[in-house]
Amino acid sequence: MSTTQPWAIDTARSIVIAATTTCLATSLLLAGTASAADQDPAPKKGIKTVFYIDMENHNWTQPASETSPQQIFGNPAAPYINSLVTPNNPNAKDVSYCTAYHNVLATASGNNPSIHPSEPNYIWQENGSNLGIFDDNDPYAATSPSVPAIQAYLAAHTDVSGQNLSGLLEEHGILWKAYQEDTNLLTTDGGNDNLGGSPTNTPVKKKDLTVPLSSFSGTASTYTNTYNGSNQFNFACKHDGTLFFVATNGGDVTTTKNTQAKHYQPLQQLFKDLNTNKVGRYNLITPDQYNDMHSALANGFTYHGVAYTGDQSAVAAGDNFLSIVVPEIMKSKAYQDGGVIVIWWDESEGGDDFSHTIGEIIISPLAKGNAFASTKDYTHSSDLNTLQKIFQITASTPTGFLNDAANPSPDGTFDLSDLFQAGVIPTSIPPID
């Protein structure tokens, strides 16, 4: 968000520290009068249930001279996504979207700190800072693990909050779930593929859930992807920010004894939970790296009769995934009764200036709808500010907001309220105790 706020950069690692203490006056203006204990965890009106579908590594728009990777807006390999943002298309009825969503800390000139690769942006999605991380290492990797690095960073930067969104939800008794493709599946020898082995398409039993703390990928004849038809699987920890906070990853415990395992569900469980209305109030949906536009399948992907190869096949596979999953969510009671789906991309490609925008699409009965295009400046901090307001949760910071979620974007925007009907997004969070 706004780079007019003070930022400290560790020259050794170019670490950006989120400025929280300087925004107290602004946040006090935003703060409401109700205490957290007075908040209804399931309000009778307004947004009740949130679904985030996290996508990867493509700009929404970019300079015409840049063709690799190709942008999403207007891309023939992404017909479903583009139908969502086409006024008067039936798919656009409940849709609002962003035309000026930028990488965190981006400026018009691009002369700003660079928050890349993927993992720092997923950590930002939960915390409003990258917490000193500039790599894609697993939480407890044998070499340079991310969680200890984050803890060391927080010890050295006491003005930065180490709390995370999902952790705050849990503290307030608000159910969150992470539905992650390719995880918590039975292997051919009856184990859990989170711990290795050849996966099948059968989820493990509830008692056998574990937290997926290590990335894994491969090809197995025993597994067929429901969406792209391949035998390839590819789960990446870097694409789920909840895995980098002890409050929500349960610590370095890979067994069923991990107290947070219940939150980490195989993607197959999402559709069962939608049918029985047992989804969380906050739901993270992580496609595997072949369905989130990150990686191309070995043999490409044929979509609507067109055989795509290379990066365009990754775009097509991601569009196909969304065209199946989004309508299923929209049919559910959770969506129809105050639900919102957010299709979110992690980072810009090729530059962090304002000529590179990131996609963000909001689908909700409470959105302005009919492909309303908001021109306000947004970043991942805008989402975090909005989610704290929706769920009425306050962090233990001087402002009550998580790090950069307290700061306005360059045009003065704090949240995503412009995408919704008037009054849908609360204007404040409970005050600090």
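Refer to the structure above for everything that follows.
Residues numbered from 1 in each chain as written. Predicted model: local features only at pLDDT ≥ 70, side-chain atom pairs only at ≥ 80, totals over all residues. Heavy atoms only, no water.

Asks: Just to check I follow, could you spell out the environment of S161 for this structure?
Replies: Residue placement: S161 occurs in the loop between α4 (146–156) and α5 (165–171). A residue is classified by how much of its surface remains accessible, and S161, at 9% relative accessible area, is buried. Distance in space between the C-alpha atoms of S161 and N184 is 31 Å, their sequence separation being 23 residues. Beyond its immediate chain neighbours, meaning those up to four positions away, S161 contacts N127, L131, L154, T397, L402 and N403. (Helix = DSSP H or I, 4+ residues; strand = E, 2+ residues; numbered from the N terminus. Buried < 20%, exposed > 50% of the residue type's maximum accessible area, 1.4 Å probe, protein only. Contact = heavy atoms within 4.5 Å.)

Asks: Which parts of the structure should I look at to understand the side chain of H102?
Replies: Turning to its location among the elements, H102 is positioned in the loop between β5 (95–98) and α3 (118–127). Here A100 takes part through its backbone oxygen, which lies 3.3 Å from a polar atom of the side chain of H102. A polar side-chain atom of H102 sits 3.5 Å from the main-chain carbonyl oxygen of H356. Every residue in contact with H102, bar those within four places of it in the chain, is listed here: D353, F354, H356, T357, I358, D377, Y378 and T379. (Polar contact = N/O pair within 3.5 Å; in protein donor to acceptor, adjacent residues only side chain to side chain.)

Asks: Help me understand the nonpolar core, please; the structure alone is not making it clear to me.
Replies: The nonpolar side chains of a soluble globular protein tend to be buried with one another. By size, the foremost hydrophobic cluster in this structure holds 103 residues, and its most contacted members are I53, L270, Y282 and I361. The element that contributes the greatest number of residues to this core is helix α8 (residues 310–330), accounting for 8 residues. (Core = buried A, V, L, I, M, F, W, Y, C linked by side-chain atoms within 4.5 Å.)

Asks: Can you walk me through the packing of helix α7 (residues 267–276) against α8 in this structure?
Replies: The description of two helices packed together rests on the angle between their axes and the distance between the axes. Running from N to C, α7 and α8 cross one another at 30°; their axes reach a closest spacing of 10 Å. On the basis of their axis angle, the class for α7 and α8 is roughly parallel. Two secondary-structure elements touch here, α7 through L267, L270, F271 and L274 and α8 through F321, V325, E328 and I329. Residues of the contact of α7 with α8, tallied by class, amount to 7 nonpolar, no polar and 1 charged. (Axes fitted to C-alpha atoms, helices over the stretch in contact; angles between N-to-C directions. Parallel < 35°, antiparallel > 145°, perpendicular 65-115°, else oblique. Nonpolar A, V, L, I, M, F, W, Y, C, P; charged D, E, K, R; others polar.)

Asks: Got a minute to help me understand empty space enclosed by the protein in this structure?
Replies: With a probe scaled to a water molecule rolled over the atoms, the places where space remains empty come into view. Evaluation of the coordinates by the stated rule reveals 2 cavities of 30 Å³ or more. Quantified by volume, the largest cavity comes out at close to 50 Å³. As for the largest cavity, its lining consists of V50, Y52, V340, V342, I362, D383, T386, L387, I390, L416 and F420. For the lining of the largest cavity, the elements supplying multiple residues, two or more each, are β3 (49–55), β15 (339–345) and α10 (380–391). It is α10 that provides the largest number of residues to the lining of the largest cavity, a total of 4 residues. Split into classes, the residues belonging to the lining of the largest cavity amount to 9 nonpolar, 1 polar and 1 charged. (1 Å grid on protein atoms, 1.4 Å probe; cavity = no way out; pocket = protein on both sides within 12 Å on 5 of 7 lines; lining within 4 Å. Points joined across faces, edges and corners; volume = space filled by probe spheres on them.)

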